[in-house]
Structures are given as structure tokens and as C-alpha cells.
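What the coordinates show
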Amino acid sequence: GKDVKPMAKDSAVPQPAAKLIELQNGEVFRLKVPMELPARPGGRPAFSGSVNSYLIRAPKGRWVIVDPGLYTATGIAGWKMAIDLLQIAPADVERILVTHYHSDHAGMAGWFGAWTSAPIQMHPADTAAFAVEWGDRKKNVSDTIAQMRAYGMDGPSAALAERQTEERTRFICPYEGFAPLADGDRVPVCEGALQVLHVPGHTDGQCALLWPERRLLFAADLLLPVTFSPVCLHHFGDPDPVGTFLHTLTSFQRLDLSGYTVLPGHGWPFEDPLGRAALESRFYQERAEWCRVQCAQGLDTAWKIAKKLHREGGGKRYLRSIMWETMAHVEYLARSGRLTRQIKSGRIYFSA
């Protein structure tokens, strides 16, 4: 794709860090927004990676938006730039599709809800998760840390995870009016329709969008070009997200996606979605086996395993996510009969 540049008359005005990239001869645009990291209040923002939003031309000169993105100053400035460059009025937005409830994809929902009357759609499972995580935020933080303590987390690490969970809530503009998005729904665009595909695992309600007429797959965080999406165990929702995601990837590989280009939630467009899905499936299975081996060597809680994983490949900012992922993997192993799960004095232990 090619970057869409601001008009010359605006050249003297500093532009936001976001980039608007034209794809598919003006039928699809990718808004690439740097992802701000949680920082202490008053601290300078830092960024790591980026998140993609997409704008797709719809019938009668209107637009379908996929994933409004992260609610930050950079995100707002990026959307104002895109709206100005493409000359989009509030009434020009046909609908907004949110692939899943995470803040880097759904955070701007409230901002868009105030700007346009277009329906904002998300799968009901993720609407419920959005309400839990961003509704009573203090209760969610408390329940999250209680869950991590049950899986063995203790000491100053629990305080760090609590602070990270609290900081995470700053990137959401609240919204309560989501309309449902369901597997099999069809959303008309400039030619044909987007077909909604429910692909749970990364979240309970994550959806991808197929556009057969253009051989495009808006994959959200189902498939990424280099990294693999975290699969996390929360105190709400699916008790076995790793098992669910592996089932999703197996089912996904039965689709006929020859010639499709993947437009992911992060990173750049790429080819061969089925090959990437097979590689991703192997990754999660290998991570589970690694956790099983650690347990067999005497690490009997998710926290002990997570600490070793954290030492091998994660800075402090990833502590909470690594713990969530490890809890998900040991539960998957227990549910598939490869580990034994026991509760003693309110703590959860595993043995091989």
C-alpha cells in the first residue's frame, strides 16, 4: 500500500504519528497507530508496536470501519487525520465492527459513539467481557489479582501486576451501546459483503472478516505476521481458552483460503493464512509442552512456571500477560489429562 499524505496546505502543522495507508485501489485504508504503553500518571508516553484499524468503502459512498483502536491522544489525532483526509462526515459511517473487546481494538468505541450514530457491533461474548473489564474497574482489578494469587503469585510481583491492571484501564473510552455481531453475519461493502467468522480463543468473542470478492481476510488477532497472540485465562469467561483457540485453528484450516491476503490487527499484510494458522497451532502446543516439562521438574504452580518464562523472555511490563498465559496453558494441560490439578489451602497446584 501507499501512505496517504496530508494536503500541502496542512504541511506546516505537525502531523500525528499515525499513518493512513491506501490498499486495494482506494477501497481499503489501513490506519496504523503507535501503541502507547501504560506509564505512571504524568510520565512521558512510550510506545511499542502499532495497532491497525481499517476503513472499507461501502455502498452509496459510505464507510465500514473495522476496529476503532486505542483511546489515546495519538489514536484520536490519527482518526482526526484520517477523517479529514478522506473527508468523512459522521453520516458517512455505515457501521463500525469491533473484532474483539481488548482496549487496542475497542478503546475508541465511546469516542466514535459520540461522533456518529452508526451502529457499533461486537460479539455478545466480548460485549460481556468489555463490561466486566471496563465497567467496575476496581472490582475487576481486585478479582484479577485474587485469581493470580490463587495460582501462586505472591510478594511484590502481585503489587506490580495490580498496578499494570489498573494502568490498562486508561486506554478505554467507555461505551454501552454495542449491537451484536454474530458468526455468519454479512456486512455489505463496495462489492459483495464481509462475512463474519467467529474465531474464539484470544478472546471469547473474537471475530474475523472474510471478503471473498477481494480475497481479503481481516484477521484481527487470530493471525499475525511474526508474533503470536497471547491466550490468557481471566477470572471471567472461557475456563480453557488454549483448548478453544487450538480448536478454532483446526477448524480454520479447513477453509478454502487460497489466494487470500491477511490484513492483521497488528503488523503488515501477508499471504498464506492457512500456513500461518498451522504454525500458530504448533506454537501453542509447544508452549503447553514446555509448561508440562517445567511442572514435571518440580514447578508446581502457574506462578513458578511464569517466573521462569519471564526470566527467559520478558521485561517487567509483560509480567501480568505472562502470568495470564501460563495459567491458561496449565489449565489446558489439566483439562486434557496431562497434568493433575489440586487445591490446597486456597491455592491451585499442578503435578505431572
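Our subject is the structure listed above.
The text that follows walks through the structure, step by step, so that each part is easy to find. Predicted model, so just to flag it, every value in this text is computed and none were measured.

**A word on helix H4 (residues 124-134)**
What sets the pattern is the α-helix's 3.6 residues per turn: residues three or four places apart point alike. For H4, the complete set of buried residues consists of Asp 126, Ala 129, Phe 130, Glu 133 and Trp 134. Along the long axis of H4, the arc covered by the buried residues comes to 105°, so they all point the same way.

**Some details on the side chain of Glu 280**
Among the secondary structure elements, Glu 280 is positioned in helix H8 (residues 273-296). Arg 276 provides the closest opposite charge to the buried, salt-bridge-free Glu 280, at an N-O distance of 5.1 Å. For Glu 280, the contacting residues outside a window of four places in its chain are Leu 222, Leu 223, Phe 228, Phe 245 and Leu 249.

**Looking at the nonpolar core**
Judged by nonpolar contacts, the single largest core of 52 residues is most densely connected at Leu 217, Leu 223 and Met 323. Here this core takes ten residues from helix H10 (residues 319-335), the largest share from any one element. Among the nonpolar cores identified, the runner-up in size contains 40 residues, and Trp 79, Ala 106, Ala 129 and Phe 236 belong to it.

**Some points on the packing of helix H7 (residues 241-252) against H10**
The angle between the axes and the distance between the axes are what describe a pair of packed helices. The contact between H7 and H10 brings their axes to 7 Å, and the two run at 80°. Considering the angle they form, H7 stands roughly perpendicular to H10. Seen from H7, the contacting residues are Pro 241, Val 242, Gly 243 and Leu 246; seen from H10, they are Ala 328, His 329 and Tyr 332.

**What to know about helix H1 (residues 73-85)**
Taking 1.5 Å per residue as the helical rise, H1 with its 13 residues ought to reach 18 Å, and the 18 Å between its terminal C-alpha atoms agrees with that figure. Where H1 is buried, its residues touch strand E2 (19-23), strand E3 (28-36), strand E4 (47-58), strand E5 (62-66) and helix H3 (109-115). One or two positions beyond H1, positive phi appears at Gln 87, with a value near 55°.

**Structural notes on the side chain of His 329**
One can find His 329 in helix H10. With residues up to four places along the chain from it excluded, the contact list for His 329 reads Val 242, Tyr 284, Arg 287, Ala 288 and Cys 291.

**Digging into unusual backbone geometry**
Of note, Gln 24 is a non-glycine position whose phi angle comes to about 50°, a positive value. Within the chain, Ser 345 stands out as a residue other than glycine whose phi angle is a positive 50°. Within the secondary structure, Ser 345 sits in the loop between strand E15 (340-344) and strand E16 (347-351). Relative accessible area serves as the criterion here: at 81%, Ser 345 is assigned to the exposed category.

**A word on the pattern of salt bridges**
With the rule as written, the count across this model stands at nine salt bridges. A salt bridge links Glu 191 to Arg 214, with the shortest nitrogen-to-oxygen separation between them at 2.6 Å. Note that Glu 191 is positioned in the loop between strand E9 (186-188) and strand E10 (193-198) and Arg 214 in the loop between strand E11 (207-211) and strand E12 (216-220), a separation of 23 residues in sequence. One network of salt bridges, with partners in common, ties together Glu 27, Glu 191 and Arg 214.

**Some points on the sheet that holds strand E13 (residues 261-264)**
Strand pairing in a sheet relies on backbone hydrogen bonds. The paired strands run either parallel or antiparallel. Pairing is mixed across the open sheet formed by six strands, whose spatial order is E9-E10-E11-E12-E13-E14. What marks the edges here is a single partner per strand, and that holds for E9 and strand E14 (270-271). Note that E11 and E12 share three bridges and pair antiparallel. By the bridge assignment, Leu 210 is partnered in E12 with Leu 217.

**Details of the packing of aromatic side chains**
Following the criterion strictly, the structure yields 14 aromatic pairs and no others. Relative to Phe 112, the ring of Trp 111 lies with its centre 5.1 Å away and its plane at 80°, an arrangement referred to as edge-to-face. Pair check on accessibility: Trp 111 and Phe 112 agree, each one buried. Ring pairing ties together the aromatic residues Trp 79, Trp 111, Phe 112 and Trp 115, which thus form one cluster. If you follow Lys 344 out to its NZ or CZ, it ends over the ring of Tyr 349, 5.7 Å from the centre.

**Quick word on the pairing of E13**
Residues Thr 261 and Leu 263 of E13 are buried on one face, and the alternating residues Val 262 and Pro 264, pointing to the opposite face, are buried as well. Both E12 and E13 contribute to a ladder of four bridges, which runs parallel. What sits directly across from Leu 216, in E13, is Thr 261. Note that the unit made of E12, H7 and E13 has a crossover that is right-handed. Counted along the chain from E13 to the antiparallel partner E14, the turn is five residues long, and its residue Gly 267 has a positive phi close to 85°.

Reading the values: rules and limits
Each chain carries its own residue numbering, running from 1 in the direction its sequence is written. Residue-level local features of this predicted model are given only where pLDDT is at least 70; pairs of side-chain atoms are given and counted only at 80 or more, and the full residue set underlies all totals for whole chains, interfaces and linings. Just so you know, side-chain values use all the structure's heavy atoms and leave hydrogens and water out. Relative accessibility thresholds used throughout: buried, under 20% of the residue-type maximum; exposed, over 50%; partly exposed, between the two (1.4 Å probe, protein chains only). Secondary structure elements follow DSSP: runs of H or I of four or more residues count as helices, runs of E of two or more count as strands, with numbering from the N terminus. Read the arc as the range of directions from the helix axis to the C-beta atoms. None of His or the chain ends enter the tally, which takes Lys and Arg as positive and Asp and Glu as negative. The term salt bridge refers to a pairing of a side-chain nitrogen on Lys or Arg with a carboxyl oxygen on Asp or Glu at a separation within 4 Å. Any two residues whose heavy atoms approach within 4.5 Å are treated as being in contact. The set of buried Ala, Val, Leu, Ile, Met, Phe, Trp, Tyr and Cys residues whose side-chain atoms join them within 4.5 Å is what this entry labels a nonpolar core. Axis definition: a line fit to C-alpha positions, over the contact stretch in the case of helices; interaxial angles, taken between N-to-C directions, run 0 to 180 degrees. Throughout, the term roughly parallel applies to angles under 35 degrees, roughly antiparallel to angles over 145, roughly perpendicular to angles from 65 to 115, and oblique to all others. A helix's residues, less one, multiplied by 1.5 Å, set its expected span. Any two strands with at least two DSSP-identified bridges between them are counted as paired. Pairs were defined over the aromatic rings of Phe, Tyr and Trp, the Trp ring being its six-membered one, requiring ring centres within 6.5 Å. Orientation was assigned from the angle between planes: stacked under 30 degrees, edge-to-face over 60, tilted for the rest. The rule is short: NZ of Lys or CZ of Arg within 6 Å of the ring centre and within 35 degrees of the ring normal puts a charge over the ring. With strands facing away from the observer, any crossover in which the path from the first strand over the helix to the second runs clockwise is taken as right-handed.

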